[in-house]
Amino acid sequence: SWANAFRSLQDALAVAGPGDEIHVAQGIYEPDRGVGIDSGNRNATFQLLNGVAIRGGYAGYGEPDPDAQDFDRYQTVLSGDLANNDLPLTGFDYESIRVFVQGTQRGDNSYSVVTASEVDDSAVLEGFSIISGHANFTNASTGDARTCGAGAFISNASPAIRNCVFISNTVCCSNMPARGAAV
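Read on for a plain summary of the structure. Owing to the predicted nature of the structure, the values given are computational and were not obtained by experimental measurement. As a convention, each chain's residues are numbered from 1 in the sequence order in which they are written. Note on the predicted model: pLDDT of at least 70 is required for a residue's local features to be given, and 80 or more for side-chain atom pairs to be given and counted; whole-chain, interface and lining totals, by contrast, use all residues. To obtain the side-chain values, all non-hydrogen atoms of the structure were included, while hydrogens and water were left out.

Working definition: the strands of a sheet are paired by backbone hydrogen bonds and lie parallel or antiparallel to each other. Strands sit in the order β3-β6-β10 across an open sheet of three strands; the sheet is parallel. Because the sheet does not close on itself, it has two edges, and the strands there are β3 (46-47) and β10 (152-155). Between any two strands, pairing holds if DSSP finds at least two bridges. Labels follow the DSSP assignment, with helices taken as runs of H or I lasting at least four residues and strands as runs of E lasting at least two, numbered in each case from the N terminus. Judged from the two bridges that link them, β3 and strand β6 (residues 114-117) form a sheet pairing that is parallel. Bridge pairing links Gln 47 to Thr 115 in β6.

Reading across from one edge, β1-β4-β7-β11 is the order of the four strands in this open sheet, with parallel pairing throughout. In this open sheet, the two edge strands, each paired with only one partner strand, are β1 (21-25) and β11 (160-162). On average, each strand axis in the sheet is tilted by 15 degrees relative to the strand beside it, whichever way the strands run. Sheet topology note: the strand β7 (residues 124-126)/β11 ladder contains three bridges and is parallel. Paired with Glu 126 across the strands is Arg 162, a residue of β11. The axes used here are C-alpha line fits, helices contributing only the stretch in contact, and every angle between their N-to-C directions lies in the interval 0 to 180 degrees.

What follows is about the pattern of salt bridges. Whenever Lys or Arg places a side-chain nitrogen within 4 Å of a carboxyl oxygen from Asp or Glu, that contact is recorded as a salt bridge. The full count for this structure, using the stated rule, is seven salt bridges. Between Glu 30 and Arg 33 there is a salt bridge, with its nearest N and O atoms 3.9 Å apart. Arg 98 is the salt-bridge partner of Glu 95, the closest N and O atoms lying 2.7 Å from each other. Placement of both Glu 95 and Arg 98 in helix α2 (residues 94-102) is noted, with a separation of three residues, approximately one turn of the helix. Think of it in three bands: residues with accessible area under 20% of the maximum for their type are buried, residues over 50% are exposed, and the middle band is partly exposed, with areas taken using a 1.4 Å probe on protein chains only. For Glu 95, a relative accessible area of 39% corresponds to the partly exposed category.

Turning next to the pairing of β6. Relative to β10, β6 runs parallel, the two sharing four bridges. Residue pairing across strands places Ser 117 opposite Ser 155, the latter belonging to β10.

This part covers the packing of aromatic side chains. Pairs were defined over the aromatic rings of Phe, Tyr and Trp, the Trp ring being its six-membered one, requiring ring centres within 6.5 Å. Orientation was assigned from the angle between planes: stacked under 30 degrees, edge-to-face over 60, tilted for the rest. Counted under the stated rule, the structure contains one aromatic pair. Look at Trp 2 and Tyr 58: their rings are 6.0 Å apart centre to centre, the planes differ by 45 degrees, and that puts the pair in the tilted class. In this pair, Trp 2 sits in the segment before α1 (9-15) while Tyr 58 sits in strand β4 (residues 53-58), placing the two residues 56 residues apart along the sequence. An identical accessibility class is assigned to Trp 2 and Tyr 58; each is buried. A ring is considered to have a charge above it if a Lys NZ or an Arg CZ atom is located within 6 Å of its centre and within 35 degrees of its normal. The residue whose ring lies beneath Arg 42 is Tyr 111, and the NZ or CZ to ring-centre distance is 3.9 Å.

Purely geometric numbers; function is a separate question.
In structure tokens form, the structure reads like this:
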């Protein structure tokens, strides 16, 4: 029930199994929150699971109809901004984008907000804004989640991702200062 709901999405994922649906109320959820997870852990990620549907956009506890689902009205955000200190992109010129991608305020963000590794289309993510992942780890091997896939790292997988938007996720190679991407 909503009255007995988990306080963090990670805690719900820890007990979820095939056939389960996790309904997530409006609000902001960070992957470094939950039992046994260190606050500020940049490696923390929301791991998709086979047979588990994670659905956002619910009104949630305290609302007249907590089961009402509307992705626009009840925005549900998965955020990699672990310190809640990101600055917005100020322009689309080279320097503004460089500062946004390589700025120190993003240095404590999750490497990958969501991870889908070796899952099929029974792993469902629906109705979320996925924001502020920052994959900037250096000296890692190719295909390391910490160097790519800031919003979602997908490896050998085909998850069902529906009605989701990816905003302000960045990939940055610090050994190549002239490059970077904002998605």
